[in-house]
Every structure is written in structure tokens, then in C-alpha cells.
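In case you want the letters, here they are:
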Amino acid sequence: MSADALDQAFRDASARITGALAARYRDLDLAEDAFAEACVRAAQVWPAEGAPADHAAWLYRAAQRCALDILRRRRTRERLQPEPPPLEPTAEDMMADDANLIPDERLRLIFVCCHPAVAADARAALTLRLICGLSVAEIARAFLVAEPTMAQRLVRAKRKIGDAGVPFEIPQPEFWPERLDAVLSTIEIAYAKAHEDAAGLGTHASYANDMLALTRVLAELLPREPDVLALAAMIRFAEARRPARLDEHGAMVPLSQQDPVRWRRPLIEEGERYLQRAANEGGDSSRVLHAAIHSVWCARRSLNDPAPWKTVLHLYDALLSVRDDSIVRLNRAVALAEVRGVAEALADVAAIDGDALVTFLPYHAVRADLLRRNGQMEAASSAYRVALALNPGPAERLWLERQAASLQH
Amino acid sequence: MHYAFLIYEDEAFYGPNKSGPAMQEIVAKHMVFARELGARRIGGAGLKESSSATTLRRTQGKTTVHDGPFAEAKEQLGGFYIIDATDLDAAIALAKKIPVSQDGSIEIRPLLGGDVG
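From a predicted model like this one, the values you see are computed outputs, not experimental measurements.

1. Here's the deal with the overall build of chain B
Here's step 1: Secondary structure summary: chain B contains two helices and six strands in total.
Here's step 2: Reading the helices (α) and strands (β) of chain B from amino to carboxyl end gives β-α-β-β-β-β-α-β.
Here's step 3: Taking the principal axes of the C-alpha coordinates as reference, chain B spans close to 40 × 40 × 20 Å.
Here's step 4: Here chain B holds 117 residues, and 34% of them are scored as buried.

2. Observations concerning the nonpolar core
Here's step 1: Membership of the largest hydrophobic core comes to 155 residues, with the highest contact counts inside it found for I17, L59, L128, Y207 and L218 of chain A together with F5 and I83 of chain B.
Here's step 2: When residues no more than four places from it in sequence are discounted, the contact partners of I83 of chain B are M1, H2, Y3, F5, L37, R40, R41, I42, A91 and L94 of chain B.

3. Thoughts on the interface of chain B and chain A
For an interface, size is often stated in terms of accessible area lost upon the parts coming together.
Here's step 1: Contacts between the two partners involve nine residues from chain B, matched on the other side by 11 residues from chain A.
Here's step 2: With both chains or domains summed, chain B and chain A bury close to 770 Å², and 62% of this area falls on carbon and sulfur atoms.
Here's step 3: On the chain B side of the contact with chain A, L88, D89 and K96 of chain B bury the most area, a combined 58% of that side's loss.
Here's step 4: In this assembly, chain B and chain A are joined by two salt bridges.
Here's step 5: Applying the counting rule to chain B against chain A returns five residue pairs in polar contact (both at pLDDT 80 or more).
Here's step 6: With four residues, helix α2 (residues 88-95) of chain B is the largest single contributor of residues to the side of chain B that touches chain A.

4. Quick look at the sheet that holds strand β5 (residues 76-84) of chain B
Residue and element names in this part refer to chain B.
Here's step 1: As summarised here, the arrangement of the four strands in space is β2-β5-β1-β6, forming an open sheet in which the pairing is antiparallel. Sheet topology places β2 (41-46) and β6 (104-110) at the edges, where each strand pairs with a single neighbour. Neighbour to neighbour, the strand axes of the sheet diverge by 15° on average, direction disregarded.

5. Thoughts on helix α18 (residues 377-389) of chain A
An α-helical turn contains 3.6 residues, so any two residues separated by three or four positions project in the same direction.
All names here are of chain A.
Here's step 1: Taking 1.5 Å as the rise per residue, α18 with 13 residues should run 18 Å; its terminal C-alpha atoms sit 18 Å apart, in good agreement.
Here's step 2: Taken residue by residue, α18 has A380, A383, Y384, A387 and L388 as its buried positions. The buried residues of α18 all sit within an arc of 135° when viewed along its axis, so they share a single face. Facing away from the buried side of α18 by over 90 degrees, the exposed positions are E378, R385 and A389.
Here's step 3: Structurally, α18 contributes buried residues whose contacts are with α17 (361-373) and α19 (394-406).
Here's step 4: Positive backbone phi, at 65°, marks N391, one or two positions downstream of α18.

6. Overview of the state of the cysteines
Residues and elements named next belong to chain A.
Here's step 1: All chains considered together, the criterion is met by zero disulfides over all chains.
Here's step 2: Cysteine C66 shares no disulfide, and the gap to the nearest cysteine sulfur, in C39, comes to 9.2 Å.
Here's step 3: Here C132 is not disulfide-linked; the sulfur of C113 is the nearest cysteine sulfur, at 9.9 Å.
Here's step 4: Using a relative accessible area of 9% as the deciding quantity, one classes C132 as buried.

7. Points about the pattern of salt bridges
Residues and elements named next belong to chain A.
Here's step 1: The final tally for this structure, using the stated rule, is 36 salt bridges over all chains.
Here's step 2: A salt bridge links D27 to R74, with the nearest nitrogen and oxygen atoms 3.0 Å apart. With a gap of 47 residues between them, D27 in the loop between α1 (3-25) and α2 (28-49) and R74 in helix α3 (residues 55-77) connect regions that are remote in the sequence.
Here's step 3: Residue class for D27 comes out partly exposed when judged on its relative accessible area of 21%.
Here's step 4: Each of R26, E105, R108 and E169 takes part in salt bridges that share partners, so that together they form one network.

Conventions and cut-offs
Residues numbered from 1 in each chain as written. Chains lettered and ligands numbered in written order. Predicted model: local features only at pLDDT ≥ 70, side-chain atom pairs only at ≥ 80, totals over all residues. Heavy atoms only, no water. Helix = DSSP H or I, 4+ residues; strand = E, 2+ residues; numbered from the N terminus. Buried < 20%, exposed > 50% of the residue type's maximum accessible area, 1.4 Å probe, protein only. Core = buried A, V, L, I, M, F, W, Y, C linked by side-chain atoms within 4.5 Å. Contact = heavy atoms within 4.5 Å. Buried area = accessible area lost by both parts, 1.4 Å probe. Salt bridge = Lys/Arg side-chain N within 4 Å of Asp/Glu carboxyl O. Polar contact = N/O pair within 3.5 Å; in protein donor to acceptor, adjacent residues only side chain to side chain. Pairing = 2+ DSSP bridges. Axes fitted to C-alpha atoms, helices over the stretch in contact; angles between N-to-C directions. Expected span 1.5 Å × (residues − 1). Arc of directions from axis to C-beta. Disulfide = S-S within 2.5 Å.

Now the structure itself:
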């Protein structure tokens, strides 16, 4: 077995095994350590003796033994009196065939990782670590922080979960909307990291795939939650467009100018199926409407098809009625400019509370573009300067610089 | 597990010496809440206003006594509960029912060792 194949097997098994162990022992560290030890054993045994038929079942049995070893070592270290012996594998476990061996506790694990009592900047990282099996180094790269910083953040988060008594349970109905929202926001934040990197090179390529996998798992576990399905759809639509997001110079290509021929159709179709299911469940939340806007764009087959601005504007109107905030208003203004003219869009943008968006790059980029098209070159030029000062990524920077330069002519 | 609920509110709302009508109103609500807690309530009390506080400070082995609370803030510690709950979610569900008159915060802290002597 190659190192890559081993790594893949470990990653595939990670969430189920860590979840099952954590549910049993109510201890994330123990679950993680036991799984890591099991992987070390597998890396020694499998290449020499051949890999087992069911990788996950082998790893789970090994991880259970490792968990018991760790518990015994802890007891010895803490010199505790002989206690009720740690939970041995139950008769049920011994009897279970491989296919039914590992209880699926991933959903509980996701809710633990995304509990609002966990620091917001640690939730996404913890989810990627425990559900997607990403290494600390990979997560650190995705979040652009040093590895020791990320390791610290994860340790603190796990300690908080243990100390504060965060339950290892699916939330009660009274908490459900709030807690599910925390889970979905966490995934949105994590995905935004992958999406920022338009080129999707290196670490971000596989990271984006992890986000696809994570939303697939969540949709499997919660098949009737419109927001879950809508988020799975939205991430697919956004990922489908990745091959068309940069031009040959590496500059960003705005959505309406992307060549739909380069979009990944299979992902779009998958997204459509999720969105349809969300609609069938009666979803009309802001997440469902957001996914619908993506869907309308992705229905375009070539640059010769008219851009769907009118439908997009209708959807933004609907979105505004469920979620009236500055960012929705800003995005709506972009569509408004196409349908009803730049002047009207500018008036709308002027009415948005600019103070709240001072450091929000898209606000300045949209304003600059509208001012330019309205012939207000001086104002446009200063808006571009503000946008460029806000540290855009390389692709967006190139595009903004090009737009700003076009003002000179 | 045992948790402390530390209640922070702007005490000015309750009038001088916390003796205004708003105080009587909130005390009545706390009595209802305490009844609802029943056996889950291990302890707790309302606190006199923060100007009545005296702070003992120990710095490098030297102890000094100061007038006033440990930290000045817009919202002051005004009372606390010690409760028994199975986990954080159960504690949060209880804490959500704590009466507060205006804006305020409730800090939920597990007790060390999870137990009171």
C-alpha cells in the first residue's frame, strides 16, 4: 500500500472512528489520540502483512484497544485507585460484522465542534480536523496562520469543550435552529477560505474538495433540512465555476463574464439536485435563495446566452424580504445597475450605511465600478484606491488595478 | 455538573441602594425563577451595589485594602446562582430563564471539580 493510499484510508475513516470513540468516552482528545495510534499501527502492519478488506473496521478495533491503553496509562500516571475497569469492547462490538461495527456519531461530533461556546475562529478548524481528518499543518495553511498557533487554538477549543461540559448530543428541539445555524455558518466560513483562493492551487484544491465532502456528509445525515441542502448546492455551484474564475493573466473574471463552457457541469447538476430537494422541503430561507441565485447563473450555457440579471434581481428582492442587510443590498445593487440603470444602483449604494462597510472590500469595488460607469471618474478613482488598500488577493488585485487603469483613457 | 451563573447588569437601573421599584419587581421574578429551579438550585444571592464593595489586593506578598469593586465596568456583577445541570446545554437552557430588567449578561462557569463542598 502506498503512502498516499494509506493517507487516504486514514482520512476516510477519521470522522466515523473519532466520532464513535468520542461518543463512547466523551473525550475528544482521547478519541483523536487513539485514532492516531491506530493509524501508526496500521502504517506498520498493513504494508508488511497486507491491508485488511475493511480498512475502517480494522482501524476502529485497533483504535478501541489504543483508547483502553491510553486510559490505563492515564490511571497509572494519576495513581488513581483501581476503578471500575474501562469499558471493554461490548459483546455487541465483538459480534458485529465489519459493515455494522462503527456507530455513526458524525452528526453529534459536528454539533460538538460547532457549539457556540467554542471560539468562533476555532469551530471551523476543529470541524476540519475531526470530520475531514485534515492535519493541523493543512488547516494552518488554509487559515493562513502558523502551525503552532493553530495547534494551540485546537487544544484550547478541546479543553473548553471538556471543561465547560459541552454535551455530546444532538441539540434539543429548542436549541435546534440556533445550533444548526452555528454549524452551517462554520462551514460557510471554512468554505470562504477555499473560495478566496480563486486559482485553487496547492492546498486549497483538496481543501475545497473537503468542503464538498463535508456538505455531502451533512446532507446525508440531515436529508430534510432545506438549509443544509441549500448549502451543499451553493458550494457545488461555486466550485463548478472555479475553472473560469481567472483569465490567462491570473486576473479575476467577474461572474457575468465567465465562459460557462468552462464550468464543471457534473458539479452543477449535483448542485441542482440538492437545491431541488431543498425546494421540495419547502425551503425559502436566505440560504435557499442564495443557492437559487447561484443556480440561475449556472444555468447559463454560453456567453451568447443573455446574462440572467432580471431573474437575479427578483431573487435579490426576495432575499431582501427575509434578510435585509447591507451585503444583500450591495449585491442587489449590482443587478439593479444592469436592469434599471447605473444611476438608480448608485443611489441605492449611497443609501447603504457605508460606515459598517468601511473595511469591506466588495463595497468599495462595487462603488468604484458604478461610479466609473456613471462617468464620475475622480470618485471612481478614489474608490479603487480604497479597495486596493484593503489587501485584495492577487487575482482581485490584478482585476481592480486593470479597472482603475482604464479610467485614465 | 455544577455551574455558577454570574449576572451582570447596569445596577443604576435599580436606583440608589438598589431600592427602587425596579428592584422589587426583579426580586419577585427571581423568587419565581428560584422556585422553578427547585432542587437544581445549590445556592445563590443578590449582591448589594458595587459601591459597597471592598477589594483586597495582594501584590508581591503585600496586602492592601481598597474601596470599590475589582473592576469598574458598565455592567456590574449583581448576583449569582450555583446550579446543578447535566451539561452546558442544560445550563444554558436554565440561564436563558434568568430574569434581567434591561440589557445584561450572564456568565456561565463550571465549578472547579464540578462540586461544592
